[in-house]
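Listed below, chain by chain, are the residues.
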Amino acid sequence: VFPCIGIGFGRVLELRDDVFGDEVNIAFKLGEDVATQREILLSDATLAQLAREGTTVATSTREEEIGHVMVRYHAIS
């Protein structure tokens, strides 16, 4: 089994047994539906936060329609 990972960064609503928010949804869809084996995908917000922290990551930018919305994301190279 090879992981497919989606990572998001942003505000969330955390309840006892669940977490809700736009970035939760984006990260889930990237990891579950878009990523291929051994692929790590970052949301736009994640890459922006890494840049604010002074971290650079080699990525390629892609777009995918998710739930009738075009979502830009970044695949780690």
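Residues numbered from 1 in each chain as written. Predicted model: local features only at pLDDT ≥ 70, side-chain atom pairs only at ≥ 80, totals over all residues. Heavy atoms only, no water.

What follows is about the overall build of the chain. If you tally the helices and strands in the chain, you get two helices and six strands. Mapped in sequence order, the helices and strands of the chain form the string β-β-β-α-β-α-β-β. Seen through its principal axes, the chain has C-alpha atoms that stretch 35 × 30 × 30 Å. In the chain, buried positions account for 22% of the 77 residues. Residue pairs in contact within the chain that sit at least 24 positions apart in sequence constitute 49% of those at least 6 positions apart. Taking the average location of the 7 positive side-chain charges in the chain and that of its 13 negative ones, the two points are 4 Å from each other. (Helix = DSSP H or I, 4+ residues; strand = E, 2+ residues; numbered from the N terminus. Buried < 20%, exposed > 50% of the residue type's maximum accessible area, 1.4 Å probe, protein only. Contact = heavy atoms within 4.5 Å. Lys, Arg positive; Asp, Glu negative; His and termini not counted. Charge placed at Lys NZ, Arg CZ, Asp CG, Glu CD.)

Let us look at the sheet that holds strand β6 (residues 69-76). Strand order in the open sheet formed by four strands is β1-β4-β6-β5, and the pairing between neighbours is mixed. Two strands close off the open sheet at either side, each with one partner strand: β1 (4-7) and β5 (59-66). Strand-to-strand twist of the sheet, defined as the mean angle between neighbouring strand axes without regard to direction, takes the value 30°. Sheet topology places strand β4 (residues 39-43) next to β6; three bridges connect them, and they run antiparallel. Along β6, the bridge assignment pairs leucine 41 with alanine 75. Sitting on the sheet, helix α2 (residues 44-52) is in contact with β1, β4, β5 and β6, with an inclination near 80° to β4. (Pairing = 2+ DSSP bridges. Axes fitted to C-alpha atoms, helices over the stretch in contact; angles between N-to-C directions.)

Before going further, it helps to examine the pattern of salt bridges. Under the defined criterion, the tally for this structure stands at three salt bridges. The partner of arginine 62 in a salt bridge is glutamate 39, with the nearest N and O atoms 2.7 Å apart. One end of the pair, arginine 62, is in strand β5; the other, glutamate 39, is in strand β4, with 23 residues separating them in the sequence. (Salt bridge = Lys/Arg side-chain N within 4 Å of Asp/Glu carboxyl O.)

This next bit is on the nonpolar core. Within soluble globular proteins, side chains that are nonpolar generally end up buried alongside one another. Of all hydrophobic cores here, the largest spans eight residues; its members are Leu30, Val34, Ala35, Leu41, Ile66, Val71, Tyr73 and Ala75. If one sorts the elements of this core by residue count, β6 sits on top with three residues. Setting aside residues up to four positions removed in sequence, alanine 35 forms contacts with Cys4, Ile5, Leu30 and Leu41. (Core = buried A, V, L, I, M, F, W, Y, C linked by side-chain atoms within 4.5 Å.)

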